[in-house]
Amino acid sequence: MAFLSQAVGRIRPSATVAVASKIAEMRCAGKAVISLGAGEPDFDTPAHIVAAGHQAMLDGKTRYSPAPGVLEFREAIAEKFQRDNNLTYSPDQITVGCGGKQTIFNACLATLDPGDDVVIPTPYWVSYPEIVAMTGATPVFVSCSVDKGFRLDPEDLAAAITPKTKWLILNSPSNPTGVCYSKEELLGFVEVLRRPENQHVWVMTDDMYEHIVYDGLAFHTIAEVAPDLYERTLTLNGLSKAYCMTGWRLGYAAGPLGLIKAMNKIQSQSVSSVSTFSQWAGIAALNGSHDFIATHNAAFVNRRDLVVAGINAIPGLSCPKPEGAFYVCVSCGDLIGKKTPAGVVIENDEILVGYLLEAEGVVCVHGEAFGFSPAFRISYATSNEKLEHALAAMHRAFGALE
Ligand code: GLU
């Protein structure tokens, strides 16, 4: 009898977390690396948020938090939903998790059984299918091809839904494509979900990149544009990206009370709660000035333009211009089958990013981890100087392929 569970056998480790660990190891070993790997802003957590976390510790907010989260934090989240999204959630309809990832995990564990399906548009964030698979349910992929600008076609969505479908996972702005759906596009998906045969399908909308949107585009979310879907929508968000709080581990979700209670039950028997002082820092983040977001976005848009122009100038690579988040999804089909100067055949995108790391110390994540190949993802949440170095390195390394 195998000792390890079937659940662990069904999943792969997170490629994005793996690159972050690899970079840390390489830096410890004294190697110079440029990380375009894990997605986290290079900006520090704003000082007023750090000060609030520090003050919370000094004030003795160092004990257990209730499993769903500190009430004052859930009140601040409820206000945020009202203010930014015109969505009314009471604090008991809100649950706080250790990053967005844990709220997704709790929601999946609370709702999925073997035999259930979850519709996931591709390219997807690496963790969606793995979390679904952990529960024994089946991820059902809907391809959003590069020719369609990585956008989900409502009829492709309709074709993927069966009586077994429990959830559709939406992520806009998207990690890794940067696609940000307009209100009209969301209403296209809503029309499919409103069909009589699709009334059993719920939507898990991951809005983690809500505030990182460019070119004057407006952010919208499903329950806001379709109030009739409020009762079958779980709205997920978190503070990691826009507030530069990746290490504080603050994600949250809001939805119908029965689902949130079930998620809290799971949380109470797993991590118990998110760290208490992190949540107090989160209150300061949500209730404080948001001026820094515009400053960060101005830097991000500049970096996006630098990377998109740089990538499209490298023979064999191409990418569309993302509308939000801080990733670029780069197609690299023309490089597959070529040989490195050492004679290694580039059979797939994983070998290609391995070669780039070996040859130039530049870290990217291979596209296959996001369900999109041959490609790789660049996180451009780093300085212009490093991006310029990385682009020059790619030019050299990929130009040396025969
Ligand atoms: N979400 C980020 C990424 O895609 C951070 C790592 C992770 O949790 O996946 O790189």
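As a reminder, the structure under discussion sits directly above these lines.
Throughout, a residue's number is its position along its own chain's written sequence, starting from 1. Under the rules for a predicted model, residues below a pLDDT of 70 receive no local features and side-chain atom pairs below 80 are neither given nor counted, while totals for whole chains, interfaces and linings still include all residues. Remark: hydrogens and water are excluded; side-chain values derive from all non-hydrogen atoms of the structure.

Put simply, a residue is near a molecule or strand once any heavy atom of it comes within 4 Å of that molecule or strand. Taken together, T16, A38, G39, K101, W125, N175, K241, Y327 and R377 form the complete shell of residues around the ligand. Between the ligand and the protein, one listed contact pairs an oxygen atom with a side-chain N or O atom of N175 at 2.9 Å. Counted as a polar contact is a pair of N or O atoms within 3.5 Å, where, for protein atoms, one must be capable of donating a hydrogen and the other of accepting one, and residues adjacent in sequence contribute only when both atoms are in side chains. Taking K241, its side chain carries an N or O atom lying 3.1 Å from a nitrogen atom of the ligand. Per-residue accessibility takes into account occlusion by the displayed protein chains alone, with areas from the Shrake-Rupley method and a 1.4 Å probe. Coverage of the ligand by the protein amounts to 84% of the 280 Å² it exposes when considered alone. Residues that form the shell around the ligand fall into these classes: three nonpolar, three polar and three charged. Residue type decides the class: Asp, Glu, Lys and Arg count as charged, Ala, Val, Leu, Ile, Met, Phe, Trp, Tyr, Cys and Pro as nonpolar, and the leftover types, Gly among them, as polar.

Turning to the pairing of strand β6 (residues 202-206), a few remarks are in order. Burial analysis of β6 places four of its five residues in the buried class, the great majority of the element. Whether a crossover is right-handed depends on one test, that the path from the first strand over the helix to the second runs clockwise when the strands point away from the viewer. Elements are defined by DSSP. Helices are runs of H or I of four residues or more, strands are runs of E of two residues or more, and each kind is numbered from the N terminus. The parallel pair strand β5 (residues 165-171) and β6, bridged by helix α8 (residues 183-194), forms a crossover whose chirality is right-handed. Relative accessible area decides the class of each residue, using a 1.4 Å probe on protein chains only: under 20% of the type maximum gives buried, over 50% gives exposed, and in between gives partly exposed.

Along an α-helix, residues three or four apart share an orientation, since each turn contains 3.6 residues. A helix is expected to span 1.5 Å multiplied by its residue count minus one. The terminal C-alpha atoms of helix α10 (residues 257-268) lie 16 Å apart, and with twelve residues this matches the ideal 16 Å at 1.5 Å per residue to within 8%. All of the buried residues along α10 are L259, I260, M263, N264, I266 and Q267. Mapping the buried residues of α10 onto a view down its axis gives an arc of 160°, with all of them on the same face. In this structure, α10 carries G258, K261 and K265 as exposed residues pointing more than 90 degrees from its buried face. Directions pointing from the helix axis toward each C-beta atom define the arc.

Moving on: the environment of S275. Tracing the sequence through the fold places S275 in the loop between α10 and α11 (276-287). A C-alpha to C-alpha distance of 7.9 Å links S275 and T62, two positions 213 residues apart in sequence.

Our focus in this paragraph is the packing of aromatic side chains. Pairing of aromatic rings covers Phe, Tyr and Trp, the last counted by its six-membered ring, and requires centre-to-centre distances within 6.5 Å; plane angles under 30 degrees mean stacked, over 60 mean edge-to-face, and any other angle means tilted. Applying the stated criterion to the full structure yields 15 aromatic pairs. For the ring pair W167 and W202, a centre distance of 5.7 Å and an interplane angle of 75° mean the geometry is edge-to-face. Of this pair, W167 sits in strand β5 while W202 sits in strand β6, placing them 35 residues apart in sequence. Of the residues examined, W167 reaches a relative accessible area of 1% and is grouped as buried.

Only strands joined by at least two bridges in the DSSP assignment are considered to pair. In space, the three strands of this open sheet follow the order β9-β12-β11, with antiparallel pairing throughout. With partners counted over all chains shown, the strands left at the sheet margins are β9 (327-331) and β11 (365-366), one partner each. Sheet topology places β9 next to strand β12 (residues 375-379); five bridges connect them, and they run antiparallel. Paired with V330 across the strands is F376, a residue of β12.

For the rest of this paragraph, the subject is the pattern of salt bridges. We define a salt bridge as a side-chain nitrogen of Lys or Arg found within 4 Å of a carboxyl oxygen belonging to Asp or Glu. For the structure shown, the criterion picks out 17 salt bridges. Note that K80 is salt-bridged to E210, the shortest N-O span being 2.9 Å. Taken as a pair, K80 in helix α4 (residues 71-85) and E210 in the loop between β6 and α9 (222-225) lie far apart in primary sequence, 130 residues in all. Look at K80 and you get buried, because its relative accessible area is 1%.

Excluding any residue in a salt bridge, patches collect residues exceeding 30% relative accessible area, merging like charges within 9 Å and nonpolar Val, Leu, Ile, Met, Phe, Trp and Tyr side chains within 5 Å. A cluster of nonpolar side chains, namely F3, L4 and V8, defines an oily patch on the protein surface of about 400 Å² accessible area. Mapped onto the elements, F3 comes out in the segment before α1 (6-10).

As defined by bridge partners, strand β3 (residues 117-122) adjoins strand β4 (residues 138-143) across six bridges and the pair is classed as parallel. Bridge pairing links V119 to V140 in β4. Once the chain exits β3 it traverses helix α6 (residues 127-134) before rejoining the sheet at β4, and the crossover so formed is right-handed.

Moving on, we get to the packing of α4 against α11. Orientation is described by axes fitted as lines to C-alpha atoms, over the contacting stretch for helices, and by angles from 0 to 180 degrees between their N-to-C directions. Between α4 and α11, whose axes approach to 9 Å, the crossing angle comes to 25°. Between α4 and α11, the angle is such that the two are roughly parallel. By crossing handedness, the relation of α4 to α11 is classed as left-handed. Here E72, F73, A76, I77, E79, K80 and R83 of α4 lie close against α11, whose contacting residues are Q279, W280, G282, I283, L286 and N287. Of the residues that constitute the contact of α4 with α11, the class distribution is six nonpolar, three polar and four charged. Oblique is the label for every angle not falling under 35 degrees (roughly parallel), over 145 degrees (roughly antiparallel), or within 65 to 115 degrees (roughly perpendicular). Here a crossing is called left-handed whenever its near helix is offset anticlockwise from the far helix by less than a right angle, and right-handed whenever the offset is clockwise. Whether two residues are in contact is decided by their heavy atoms: any pair within 4.5 Å suffices.

Time to look at the sheet that holds β4. The mixed open sheet is built from seven strands, whose spatial order is β2-β8-β7-β6-β5-β3-β4. Two strands bound the open sheet, and with one partner strand each, they are β2 (94-97) and β4. Taken pair by pair, the neighbouring strands of this sheet meet at an average axis angle of 20°, ignoring direction. As paired strands, β2 and strand β8 (residues 251-254) are joined by four bridges and run antiparallel to one another. Across the sheet, V96 pairs through a bridge with Y252, a residue of β8. Here helix α5 (residues 99-111) sits on the sheet and contacts β2, β5, β6, β7 (233-238) and β8; the angle it forms with β8, its principal contact strand, is near 40°.

Here, nonpolar core refers to any group of buried Ala, Val, Leu, Ile, Met, Phe, Trp, Tyr and Cys residues whose side-chain atoms link them within 4.5 Å. The biggest cluster of nonpolar side chains holds 67 residues, and the ones touching the most others in it are L317, F376, I378, M394 and F398. Sorting elements by how many residues they give to this core places helix α14 (residues 384-399) first, with seven residues. Not counting residues within four places of it along the chain, the set of residues in contact with M394 comprises L36, I311, I314, L317, L356, V362, C364, F376, I378 and G399. Counting 32 residues, the second largest nonpolar core, distinct from the first, contains V19, Y124, V126 and L259.

Omega for the bond connecting T122 with P123 falls within 30 degrees of zero, at -5°, which places this linkage in the cis form. Mapped onto the secondary structure, P123 falls in the loop between β3 and α6. Looking along the chain, the bond that leaves S172 and enters P173 is cis, with omega of -10°. Tracing the backbone shows P173 in the loop between β5 and α8. Although it is not a glycine, C244 adopts a positive phi angle of roughly 55°. Along the chain, the position of C244 falls in the loop between β7 and β8.

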